Amino acid sequence: MAATVSDSEITKSDKYSILLPTYNERENLPIIIWLIIKYLDNSGHDYEVIVIDDGSPDGTLEVAKQLQKLYGSDKIVLRPREKKLGLGTAYIHGIKHATGNFIIIMDADLSHHPKFIPNFIELQKKHDLDVVSGTRYKDGGGVYGWDFKRKLISRGANFITQLLLRPGASDLTGSFRLYKKDILQKLIDSCVSKGYVFQMEMIIRARQLEYTIGEVPITFVDRVYGVSKLGGSEIIQFAKALLYLFATT
């Protein structure tokens, strides 16, 4: 009789590779790593954190090396690059070194709280989803620390995107997500954008390729240390990408 694999054995074989792109995050990195380890260790899931530093001049990589000594090279994997090359290429770089069959992407600036990661995993397992996305715009989600102007820009961008593209997800510009590794690779291969709008295109391509998408409400907190990387050029990129996707999807 052929041997069968139980649900518990399947669960134990799952591993989650957390991709953490960094640029000038020396103050935030020790805190976010501590929180990830706290919540993932408590959940019992197998995981690794892959830090992808893009040549931060503030010494982020040196801090990451100290954290690796503290927590071990099996948990903290360093895959730095020489210079800032964009978020999309950071994920491409990270996925090449990921040993997990699931990929979690999140920001290193404390805007994404690791306490939500077990919720992502639970929802994915319940429905065997291809993508689980954190959303600020459903009941239970929210944004803290933004002024009215930034809230208006974010809400407006999402509203226009929903109107034009009908993506089947409520938060397109968020960057706190869980993917099946093979699905993420296919989405990256299908995407044209590499900057701020990369996250939006990933969800649009997922819908286009008929992948299943689930959402977990999250609270987004504006960074405590450092300076936001969102500026006027990113808003222009967003508008151009929105028109491109409207015309091609």
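These remarks concern the structure in this document. (Residues numbered from 1 in each chain as written. Predicted model: local features only at pLDDT ≥ 70, side-chain atom pairs only at ≥ 80, totals over all residues. Heavy atoms only, no water.)

### Focus on the pattern of salt bridges
Here comes step 1: Overall, the coordinates contain eight salt bridges when judged by the stated rule.
Here comes step 2: One salt bridge in this structure joins K125 and D14, with 2.5 Å as the shortest N-O distance. Remark: D14 occurs in the loop between α1 (7-13) and β1 (15-22) and K125 occurs in helix α5 (residues 117-127); sequence separation between them is 111 residues.
Here comes step 3: Looking at K125, the relative accessible area reads 32%, which means it is partly exposed.
Here comes step 4: With relative accessibility at 8%, the residue D14 sits in the buried group.
Here comes step 5: For D128, the salt bridge identified is with K180, shortest N-O distance 3.0 Å. (Salt bridge = Lys/Arg side-chain N within 4 Å of Asp/Glu carboxyl O. Helix = DSSP H or I, 4+ residues; strand = E, 2+ residues; numbered from the N terminus. Buried < 20%, exposed > 50% of the residue type's maximum accessible area, 1.4 Å probe, protein only.)

### Here's the deal with the packing of aromatic side chains
Working definition: an aromatic ring pair is given by the centre-to-centre distance plus the angle between the planes.
Here comes step 1: Evaluation of the coordinates by the stated rule reveals two aromatic pairs.
Here comes step 2: Ring geometry for Y16 and F102: centres 5.1 Å apart, planes at 20°, overall stacked. In this pair, Y16 is assigned in strand β1 and F102 in strand β4 (residues 102-105), connecting sequence segments 86 residues apart.
Here comes step 3: Residue classification places Y16 among the buried residues on the basis of a relative accessible area of 0%.
Here comes step 4: For the cation-ring pair, K75 lies above Y47, with the distance from its terminal atom to the ring centre recorded as 3.9 Å.
Here comes step 5: The ring of Y23 is capped by K84, whose NZ or CZ atom sits 4.6 Å from the centre of that ring. (Phe/Tyr/Trp six-rings, centres within 6.5 Å; stacked < 30°, edge-to-face > 60°. Lys NZ or Arg CZ within 6 Å of the ring centre and 35° of its normal.)

### Observations regarding helix α8 (residues 198-208)
Here comes step 1: Counted residue by residue, α8 has nine buried out of eleven residues, so it is predominantly covered.
Here comes step 2: Burial in α8 covers these residues: F198, Q199, M200, E201, M202, I203, I204, R205 and A206.
Here comes step 3: Just past α8, the residue E210 takes up positive phi, approximately 65°.

### What to know about the packing of helix α4 (residues 87-97) against helix α7 (residues 181-190)
Helix packing for two helices is described by the angle between their axes and how far apart those axes are.
Here comes step 1: At their nearest, the axes of α4 and α7 sit 11 Å apart, and the two run at 145° to each other. Of the two elements, α4 crosses α7, and the hand of that crossing is left-handed. In this structure, α4 uses Y91, I92 and I95 to contact α7, whose residues at the interface are K181, L184, Q185 and I188.
Here comes step 2: Looking at the contact of α4 with α7 residue by residue, the classes come out as five nonpolar, one polar and one charged. (Axes fitted to C-alpha atoms, helices over the stretch in contact; angles between N-to-C directions. Left-handed = near helix turned anticlockwise from the far one by under 90°. Contact = heavy atoms within 4.5 Å. Nonpolar A, V, L, I, M, F, W, Y, C, P; charged D, E, K, R; others polar.)

### Details of the pairing of strand β2 (residues 46-53)
Here comes step 1: Burial analysis of β2 places seven of its eight residues in the buried class, the great majority of the element.
Here comes step 2: One ladder, built from eight bridges, connects β1 with β2; its direction is parallel. In the sheet register, Y16 faces β2, and the bridge partner there is Y47.
Here comes step 3: Between β1 and its parallel partner β2, the chain crosses via helix α2 (residues 29-43), and the hand of that crossover is right-handed.
Here comes step 4: Pairing of β2 with strand β3 (residues 76-78) involves three bridges; the strand directions are parallel. In the strand pairing of β3, V51 is matched with L78.
Here comes step 5: As for the winding sense of the linkage, the β-α-β connection from β2 through helix α3 (residues 60-71) to β3 is right-handed. (Pairing = 2+ DSSP bridges. Right-handed = clockwise from strand over helix to strand, strands pointing away.)

### Concerning the nonpolar core
Here comes step 1: In this structure, L20, I33, I36 and V49 are the most contacted members of the largest nonpolar core, which totals 34 residues.
Here comes step 2: The leading source of residues in this core is α2, at seven residues.
Here comes step 3: Setting aside its immediate chain neighbours within four residues, V49 contacts I18, L20, I33, I36, K75, I76 and V77.
Here comes step 4: With 21 residues, the next largest nonpolar core counts Y91, I95, V131 and I183 among its residues. (Core = buried A, V, L, I, M, F, W, Y, C linked by side-chain atoms within 4.5 Å.)

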